[in-house]
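In case you want the letters, here they are:
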Amino acid sequence: MNISSLTQETMCYIGQHLVFRDAEEVLNNLTGANINSKQIERVCHQYGQWIEEEDNRIISKAIYKEYDPQKANELHYVSVDGAMYLTREESWKESKLGRTYQLKDIVEVSPKRTELTKSTYVTHLGDYKEFISKMDYHLENLNNIVFIADGARWIWKWIKQHYPDSLQILDYYHSKEHLCEFAKLYYQRPKQKV
């Protein structure tokens, strides 16, 4: 079955927002096409692979994202974390995720709620060294960075080595977790003998 470029683009767009089975239903209801979820999955994976290959080609040449001088000096926030996922092919692997954004991209939608309207994501399933090279592409030419991350050693080692002048913040959840662990040990009452 030949699939037009517009249909492929539509499949990718819907396939990145919905589970492939749901994307099949939406696409077929809107267009009257007869496309199944497996086709959507294959097209999304093919385009993802092409994008990954192009990104890796750029990164291998040590070409970094260019910013105009004013944007390069603006404050940028970077959040980095990892999570373990069970994959079909290789058992457990860690997925790394980085997100960069600016303060101006956070808008108040109600008195108790804000929303981040614009950010750049970087993700990688596998070794942290490959993930770092992808993150460096977006960060290398920025001069004013605040990192927010958990306590993973590889993250702080990378930041210390490549961005030593940046502000480094342990995220709220992990700092609270470590503080509570410390408090439990420090303020623990001695057990009374009976």
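Here's a quick rundown of the structure. (Residues numbered from 1 in each chain as written. Predicted model: local features only at pLDDT ≥ 70, side-chain atom pairs only at ≥ 80, totals over all residues. Heavy atoms only, no water.)

### Re the nonpolar core
- One finds Val-80, Met-135, Leu-139, Phe-147 and Trp-158 to be the most contacted residues of the largest nonpolar core, which totals 19 residues.
- Contributions of two or more residues to this core are made by strand S1 (76-87), helix H5 (128-139), strand S6 (145-149) and helix H6 (153-162).
- Ranked by residue count, the leading element in this core is H6, at 5 residues.
- Those residues within four positions of Leu-139 in sequence are excluded, and the remaining contacts are Val-78, Thr-100, Ile-145, Phe-147, Trp-158 and Tyr-163.
- Among the nonpolar cores identified, the runner-up in size contains 9 residues, and Met-11, Leu-27, Ile-40 and Val-43 belong to it. (Core = buried A, V, L, I, M, F, W, Y, C linked by side-chain atoms within 4.5 Å. Buried < 20%, exposed > 50% of the residue type's maximum accessible area, 1.4 Å probe, protein only. Helix = DSSP H or I, 4+ residues; strand = E, 2+ residues; numbered from the N terminus. Contact = heavy atoms within 4.5 Å.)

### Looking at the pattern of salt bridges
- With the rule as written, the count across this model stands at 6 salt bridges.
- Of the charged contacts in the structure, one is a salt bridge between Lys-104 and Glu-74, with a shortest N-O distance of 3.6 Å. Here the residue Lys-104 occupies a position in the loop between strand S2 (91-101) and strand S3 (106-110), and Glu-74 occupies one in the loop between helix H4 (69-73) and S1, the gap between them amounting to 30 residues.
- Judged by relative accessible area, Lys-104 falls into the exposed class, the value being 57%. (Salt bridge = Lys/Arg side-chain N within 4 Å of Asp/Glu carboxyl O.)

### Overview of the pairing of S1
- In this sheet, S6 lies alongside S1 in parallel orientation, the contact comprising 5 bridges. Within the sheet, the bridge partner assigned to Tyr-77 lies in S6 and is Val-146.
- Direction of pairing for S1 relative to S2: antiparallel, over a ladder of 11 bridges. Among the inter-strand pairings, Ser-79 is bridged to a residue of S2, identified as Arg-99.
- Counting the residues in the hairpin turn of S1 and S2 gives 3 residues. (Pairing = 2+ DSSP bridges.)

Keep in mind that these numbers describe shape and distance, not what the molecule does.
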